[in-house]
4 protein chains.
Amino acid sequence: MIESLEDLRERLRAFVRERDWDQFHRPKNLTMALVVEAAELMEHFQWLSLDQPLEEETFREVREEVADVFIYLVRLADELGIDLLAAAADKIEVNARKYPADRVRGSAKKYDRY
Amino acid sequence: MIESLEDLRERLRAFVRERDWDQFHRPKNLTMALVVEAAELMEHFQWLSLDQPLEEETFREVREEVADVFIYLVRLADELGIDLLAAAADKIEVNARKYPADRVRGSAKKYDRY
Amino acid sequence: MIESLEDLRERLRAFVRERDWDQFHRPKNLTMALVVEAAELMEHFQWLSLDQPLEEETFREVREEVADVFIYLVRLADELGIDLLAAAADKIEVNARKYPADRVRGSAKKYDRY
Amino acid sequence: MIESLEDLRERLRAFVRERDWDQFHRPKNLTMALVVEAAELMEHFQWLSLDQPLEEETFREVREEVADVFIYLVRLADELGIDLLAAAADKIEVNARKYPADRVRGSAKKYDRY
């Protein structure tokens, strides 16, 4: 059973080891795989309008692509020794200081880096 | 404290709601943001050789980009109603059937879709 | 003066040679750089509605990102020995057979590979 | 015959018009398609070592993906009213000032934006 991020990390480590794929799972390659899977996920949305719902079959494919992105992200974090939850918590603190709720409310500008 | 995926999902929901950003967080836009962050993460590796270690400062930036990818992935999954751990578990089952350990060992071909 | 694709290819070759950057411009790395620049270009559009016009300053940045994508594409094609115009002409023929005008008119399905 | 960028731009305009696809070819969507094709191109290189040559069949697929990236780039530039060669020429001038040959020779740092 996979009930936590740790379970998933361990399951994926075993999966890779059983197949002797460690030689391919270098961080550089894993970032490429992560981007490729994220792009395949995005592809399902590229000709849709902003509010267009997904067809049932498309949703199933999207769920698989979301899983692929997650799997490579967990693998990459493991190879780099990064704790995903701790990294996210730290980043949220940074973002909260950068985008104070009372100043950016409702503005897409908040994301604007320029 | 963020101690689980559920904690993170709830924290991010609150973050978005406080800023009235729901209007921007449509699935189509979130897949774009996810790809952008994954590409920014990959950028740190683009001119490196396969085994080149990251400099300390670069590692800190990489950790932040990993966090950004994770944050958008959790947001997207939440908007789509996808349980990340369940989706990953299902995909690992699919992969295990597709790439039996005793047949693909040590071969990069396993990833090859052609 | 850069008046053709050939001019651009030669100008870029000289640019790289003068800086001794050939060692970095391996096809694998160049595909990564291409994706990174394409993602930076896309980033300008990620929170926009489908018909939202670009602000003047954003347009200038978008034009620079379009140029970066073009530059890496010409460099990659040169390293791989691919003639861009000939490759595009061949691909258009393939697409014309795949998507006959009288059968796909007005349907987003045409792009759909599934 | 497609003998120049202008020829290609006109050919693609006709292709899109004949299929009534203008409604899908909004700049936002075209940047997504561009990234998706660039990622599909990159996918062929993700598990390769830096100097690993492409197999013949893979090369044919890579050439098609290069063409797809080029086609979407020309379409996007056309929709945005950007002259690709002029934009590239301007960007090369910017880069030449940013990376003087005698100061960055042989260093990957030149790309480093930090």
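Check the entry above for the structure.
Residues numbered from 1 in each chain as written. Chains lettered and ligands numbered in written order. Predicted model: local features only at pLDDT ≥ 70, side-chain atom pairs only at ≥ 80, totals over all residues. Heavy atoms only, no water.

Draft legend 1. Geometry of the packing of helix H4 (residues 84-98) of chain A against helix H3 (residues 56-80) of chain B. Viewed as axis vectors pointing N to C, H4(A) and H3(B) meet at an angle of 90 degrees, and their least axial separation amounts to 8 Å. Considering their axes alone, H4(A) and H3(B) lie roughly perpendicular with respect to each other. Taking contact as the criterion, the partners of Leu84(A), Leu85(A), Ala86(A), Ala87(A), Ala88(A), Asp90(A), Lys91(A), Ile92(A) and Val94(A) in H4(A) are, on H3(B), Arg63(B), Glu64(B), Val66(B), Ala67(B), Asp68(B), Phe70(B) and Ile71(B). (Axes fitted to C-alpha atoms, helices over the stretch in contact; angles between N-to-C directions. Helix = DSSP H or I, 4+ residues; strand = E, 2+ residues; numbered from the N terminus. Parallel < 35°, antiparallel > 145°, perpendicular 65-115°, else oblique. Contact = heavy atoms within 4.5 Å.)

Draft legend 2. Molecular detail of the interface of chain C and chain D. Of the residues lining the interface, 74 residues belong to chain C; the matching set on chain D comes to 74 residues. Of the roughly 6300 Å² buried between chain C and chain D, counting both surfaces, carbon and sulfur atoms make up 70%. Together, Lys28(C), Arg63(C) and Ile92(C) form the three largest contributors to the area buried by chain C at its contact with chain D, with a combined 10%. At the junction of chain C with chain D, the criterion picks out six salt bridges. In this structure, Lys91(D) and Asp68(C) form a salt bridge, with 2.6 Å as the shortest nitrogen-oxygen distance. Summed over the shared surface of chain C and chain D, the number is 18 residue pairs in polar contact (both at pLDDT 80 or more). For the side of chain C that touches chain D, the secondary structure elements donating two or more residues are helix H1 (5-18), helix H2 (27-43), helix H3 (56-80), helix H4 (84-98) and helix H5 (101-104) of chain C. (Buried area = accessible area lost by both parts, 1.4 Å probe. Salt bridge = Lys/Arg side-chain N within 4 Å of Asp/Glu carboxyl O. Polar contact = N/O pair within 3.5 Å; in protein donor to acceptor, adjacent residues only side chain to side chain.)

Draft legend 3. Examining the interface of chain A and chain D more closely. At the junction of the two partners, chain A supplies 19 residues and chain D supplies 19 residues. Counting each side, the surface lost to burial between chain A and chain D is near 1600 Å², with a carbon and sulfur contribution of 70%. Summed over the shared surface of chain A and chain D, the number is zero salt bridges. The element best represented in the side of chain A that touches chain D is helix H2 (residues 27-43) of chain A, accounting for 11 residues. Of the residues that constitute the side of chain A that touches chain D, the class distribution is 13 nonpolar, three polar and three charged. (Nonpolar A, V, L, I, M, F, W, Y, C, P; charged D, E, K, R; others polar.)

Draft legend 4. Region of interest: the pattern of salt bridges. Going through the model one piece at a time under the given rule, you end up with 44 salt bridges over all chains. In this structure, Arg13(A) and Glu10(A) form a salt bridge, with 3.8 Å as the shortest nitrogen-oxygen distance. Of the two residues, Arg13(A) and Glu10(A) are both situated in helix H1 (residues 5-19); the distance of three residues between them amounts to about one turn of the helix. The class for Arg13(A) is partly exposed, based on a relative accessible area of 33%. Arg26(A) serves as the salt-bridge partner of Asp51(B), at 2.7 Å between the closest nitrogen and oxygen. (Buried < 20%, exposed > 50% of the residue type's maximum accessible area, 1.4 Å probe, protein only.)

Draft legend 5. Spatial organisation of the relation of the copies chain A and chain D. Superposition of chain A onto chain D requires a rotation of 180 degrees combined with a translation of 0.0 Å along the rotation axis, giving an RMSD of 0.0 Å. The relationship between the two copies is best expressed as a two-fold rotation axis. For chain A, the residue whose C-alpha comes nearest the rotation axis is Ala39(A), separated from it by 3.3 Å. A shared binding surface is used by both copies, with 100% of the interface residues of chain A retained as interface residues in chain D. (Least-squares fit on C-alpha atoms with pLDDT ≥ 70 in both.)

Draft legend 6. Examining the relation of the copies chain C and chain D more closely. The transform that puts chain C on chain D rotates by 180 degrees and translates by 0.0 Å along the axis, for an RMSD of 0.0 Å. Looking at the interface residues of chain C, 100% of them are also at the interface in chain D, so both copies use one shared face.

Draft legend 7. Looking closely at the packing of H1(A) against helix H4 (residues 84-98) of chain B. Packing of H1(A) against H4(B) brings their axes to within 11 Å, and their N-to-C directions diverge by 15 degrees. The pairing of H1(A) with H4(B) is recorded here as roughly parallel in orientation. As for the relative orientation of H1(A) and H4(B), their crossing is left-handed in sense. Note on element contacts: H4(B) touches H1(A) through Leu85(B), Ala88(B), Ile92(B), Asn95(B) and Ala96(B), opposite Leu5(A), Leu8(A), Arg11(A), Leu12(A), Phe15(A) and Arg19(A). (Left-handed = near helix turned anticlockwise from the far one by under 90°.)

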